[in-house]
Amino acid sequence: MKVKIAISEPTEVIDPLLTDLSSFIAKSKRALIVTGAGISCSSGIPDFRSADGLYNLVKKQHPDIVLRGQELFDATLFRNEKTIQCFYTFMAELRSLISKANPTLTHEFIQSLTNKGQLLRCYTQNIDFLEEDLDIPTIQLHGTMKEVKCTLCSSNYDFTDEYEKMFRDGEAPLCPRCESIDLERTRLGKRQLAVGTLRPAIVLYNENHPNGESIGQLQVSDLKKKPDLMIVMGTSLKIPALKKFIKQAARIIHSKPGGCVVFVNRTSPTKEWEKVFDYEVLGDSDEWVKITNKKIANEKLMNQTANKLRRIAKEQQEEEEEEEEEEEKENKKPSKTKKATIITIKSSNSKHPPLKRAISKSQTTLQNFRVTKRRACTKVGKCV
């Protein structure tokens, strides 16, 4: 049964529930973390799915173009020269915000799981690379703003201040490798080839992930290690591939007693997640981390809570086993058969023995029904 916790509710209401949840985290040995933009908001980086805020970064330079949320991260932007310029300006402003941002309490919480040897891996949809400075084993599902890549040859380079300046002006820098090859061909008198341009090394909507296969292999490897805990934080769960992975991981975690799947976000997930998450925490992830850290630090409380939860789980298991035994006994009992009334149908002209038909007592019958006997005729038209 899912436990719902709203951080805004009175402490006396949510404290016992948060203590139980903290106990599951404290005893975990193989945890998976999945994060979204919500965990970086307190560092000054906007939530990419929020209704406002993102376009404010570029509307002064591009007042004629109105883009919102997901549109700013869609590959279809590259079909139009004006939207391309808007995209580069936006990326420059976003990179400026990221360069000033620091890891949040939630990032530090994930780091603490790493330091304790509890974390298998962190899968993040974020492109802000705030996990790198904390040495968190992270898979960047949507790429990173730390680098730029060539749109033609896929060569990667550091996202420097110089590139940021060019992006802010709506300009796409030429790829150094492509440019070098072109110059060499010109020197040799060969025909010129196309030269690629640089863009941030992030994965946009409506384009394939260049490392999709290797990420899939890592996910399979992590699931084979039988995780016992998964915490999903700061995401609205809209990406199909990630949704599939979370559901697969949840099934494995729930296959053994004591496994726990947690969702932490400002808004509730949709009904399709009703049987996936054991705990649903509504509120800011940093606020939840503050409470959780205090509880985990109290080892005595965690041990007492763990013992209590084990006892409850054992009692529930015993009740389920008793119910199953009772069902088996009920199924083994012989079923009562109803006596049937035997009706004999006789025909005065037939040489065959009378037919017998069994009718249940509960069957409805017609009484005093008048029957007219018809004569049967042969093929030649004579009646018998």
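Residues numbered from 1 in each chain as written. Predicted model: local features only at pLDDT ≥ 70, side-chain atom pairs only at ≥ 80, totals over all residues. Heavy atoms only, no water.

Draft legend 1. Examining the packing of aromatic side chains more closely. Following the criterion strictly, the structure yields 11 aromatic pairs and no others. On the numbers, 5.6 Å between centres and 70 degrees between planes, the contact of phenylalanine 109 with tryptophan 288 is edge-to-face. Taken as a pair, phenylalanine 109 in helix 3 (residues 105-115) and tryptophan 288 in helix 8 (residues 285-297) lie far apart in primary sequence, 179 residues in all. One exposure class covers both phenylalanine 109 and tryptophan 288, and it is buried. Ring centres 5.1 Å apart and planes at 40 degrees place the aromatic pair phenylalanine 263 and phenylalanine 277 in the tilted group. Of the two residues, phenylalanine 263 sits in strand 9 (residues 260-265) while phenylalanine 277 sits in the loop between strand 9 and strand 10 (279-282), which places them 14 residues apart along the sequence. Three or more aromatic residues joined by ring pairs form one cluster here, namely Phe78, Phe87, Tyr88, Phe159 and Phe167. The ring of tryptophan 273 has lysine 247 sitting right over it, with the charged end atom 4.9 Å from the ring centre. (Phe/Tyr/Trp six-rings, centres within 6.5 Å; stacked < 30°, edge-to-face > 60°. Helix = DSSP H or I, 4+ residues; strand = E, 2+ residues; numbered from the N terminus. Buried < 20%, exposed > 50% of the residue type's maximum accessible area, 1.4 Å probe, protein only. Lys NZ or Arg CZ within 6 Å of the ring centre and 35° of its normal.)

Draft legend 2. Layout of helix 2 (residues 81-100). For helix 2, with 20 residues, the first-to-last C-alpha span of 30 Å sits near the 28 Å given by 1.5 Å per residue. For helix 2, the capping residue at the N-terminal end is asparagine 80, with a side-chain oxygen 2.8 Å from the backbone nitrogen of lysine 82. (Expected span 1.5 Å × (residues − 1). Polar contact = N/O pair within 3.5 Å; in protein donor to acceptor, adjacent residues only side chain to side chain.)

Draft legend 3. Just the sheet that holds strand 1 (residues 3-6), in detail. Pairing within the open sheet is parallel, and its 7 strands lie in the order 1-10-9-8-2-3-4. Edge strands, defined here as strands with exactly one partner in the open sheet, are strand 1 and strand 4 (138-140). Put simply, the sheet's adjacent strands are angled 15 degrees from each other on average, direction ignored. As paired strands, strand 2 (residues 31-35) and strand 8 (residues 229-233) are joined by 5 bridges and run parallel to one another. Among the inter-strand pairings, valine 34 is bridged to a residue of strand 8, identified as valine 232. Contacts from helix 1 (residues 11-27) reach strand 1, strand 8, strand 9 and strand 10 within the one sheet, and its direction differs from that of strand 1 by about 115 degrees. (Pairing = 2+ DSSP bridges. Axes fitted to C-alpha atoms, helices over the stretch in contact; angles between N-to-C directions. Contact = heavy atoms within 4.5 Å.)

Draft legend 4. Molecular detail of the sheet that holds strand 5 (residues 143-150). Taking strand neighbours across the sheet as the criterion, the 3 strands line up as 6-5-7 in an open arrangement whose pairing is antiparallel. Of all strands in the sheet, those with a lone pairing partner are strand 6 (156-158) and strand 7 (198-202), marking the two edges. Neighbouring strand axes in the sheet, compared pairwise and without regard to direction, differ in orientation by 45 degrees on average. Contacts from helix 2 reach strand 5 and strand 7, with the element oriented near 55 degrees to strand 7. Those strands touched by helix 4 (residues 161-168) are strand 5, strand 6 and strand 7, and its axis lies near 110 degrees from that of strand 7.

Draft legend 5. Local environment of the nonpolar core. Counting 32 residues, the largest nonpolar core has Phe73, Phe90, Met91, Leu94, Met145, Phe167 and Ile202 as the members making the most contacts within it. Mapped by element, the contributors of at least two residues to this core are helix 2, strand 5, helix 4 and strand 7. In terms of residue count, helix 2 provides more of this core than any other element does, 9 residues in total. Membership of the second largest hydrophobic core comes to 31 residues, among which are Ile7, Leu21, Val281 and Val289. (Core = buried A, V, L, I, M, F, W, Y, C linked by side-chain atoms within 4.5 Å.)

Draft legend 6. Expanded view of helix 6 (residues 212-224). When the terminal C-alpha atoms of helix 6 are compared, their 19 Å separation across 13 residues agrees well with the 18 Å that a helix rising 1.5 Å per residue should span. Taken together, the buried positions of helix 6 are occupied by Ile215, Gln219, Asp222 and Leu223. An end-on view of helix 6 places all buried positions within 95 degrees of arc, on one side of the element. Along helix 6, exposed side chains directed more than 90 degrees from the buried face belong to Glu213, Gln217 and Lys224. For helix 6, the secondary structure elements touched by its buried residues are strand 2, strand 3 (119-124), strand 4 and helix 7 (240-254). Immediately downstream of helix 6, the backbone of lysine 226 shows phi near 55 degrees, a positive value. (Arc of directions from axis to C-beta.)

Draft legend 7. Structural context of a positive patch on the surface. Taken together, the side chains of Lys29, Arg30, Lys226 and Lys256 present a region of like positive charge at the surface. Relative to the helices and strands, arginine 30 is located in the loop between helix 1 and strand 2. (Patch = residues over 30% accessible without salt bridge, like charges linked within 9 Å, V, L, I, M, F, W, Y side chains within 5 Å. Areas by Shrake-Rupley, 256 points an atom, 1.4 Å probe, with all protein chains shown as cover. Salt bridge = Lys/Arg side-chain N within 4 Å of Asp/Glu carboxyl O. Lys, Arg positive; Asp, Glu negative; His and termini not counted. Charge placed at Lys NZ, Arg CZ, Asp CG, Glu CD.)

Draft legend 8. Seen up close, the environment of lysine 256. Along the polypeptide, lysine 256 turns up in the loop between helix 7 and strand 9. A residue is classified by how much of its surface remains accessible, and lysine 256, at 53% relative accessible area, is exposed.

Draft legend 9. The arrangement of unusual backbone geometry in detail. Despite not being glycine, phenylalanine 129 has its phi angle at roughly 45 degrees, a positive value. Summarising the element assignment, phenylalanine 129 is placed in the loop between strand 3 and strand 4. A relative accessible area of 21% places phenylalanine 129 in the partly exposed class. Phi is positive for leucine 237, which is not a glycine, with a value near 55 degrees. Of note, leucine 237 is situated in the loop between strand 8 and helix 7. Taking the relative accessible area as the measure of exposure, leucine 237 reaches 6% and is therefore buried.

Draft legend 10. Representation of the pattern of salt bridges. Inspection of every chain in the model, using the stated rule, returns 16 salt bridges. Notably, a salt bridge pairs glutamate 184 with arginine 187, separated by 2.7 Å at the nearest N-O pair. Of this pair, glutamate 184 and arginine 187 both sit in helix 5 (residues 176-187), 3 residues apart, which is roughly one turn of the helix. Residue arginine 266 pairs with aspartate 284 through a salt bridge whose shortest N-O separation is 3.0 Å. Within this pair, whereas arginine 266 is found in the loop between strand 9 and strand 10, its partner aspartate 284 is found in the loop between strand 10 and helix 8, the two being separated by 18 residues in sequence. Residue arginine 266 is classed as exposed on the basis of its relative accessible area, which comes to 60%. Linked by salt bridges that have partners in common, Glu93, Arg95, Asp161, Glu164 and Arg168 make up one network.

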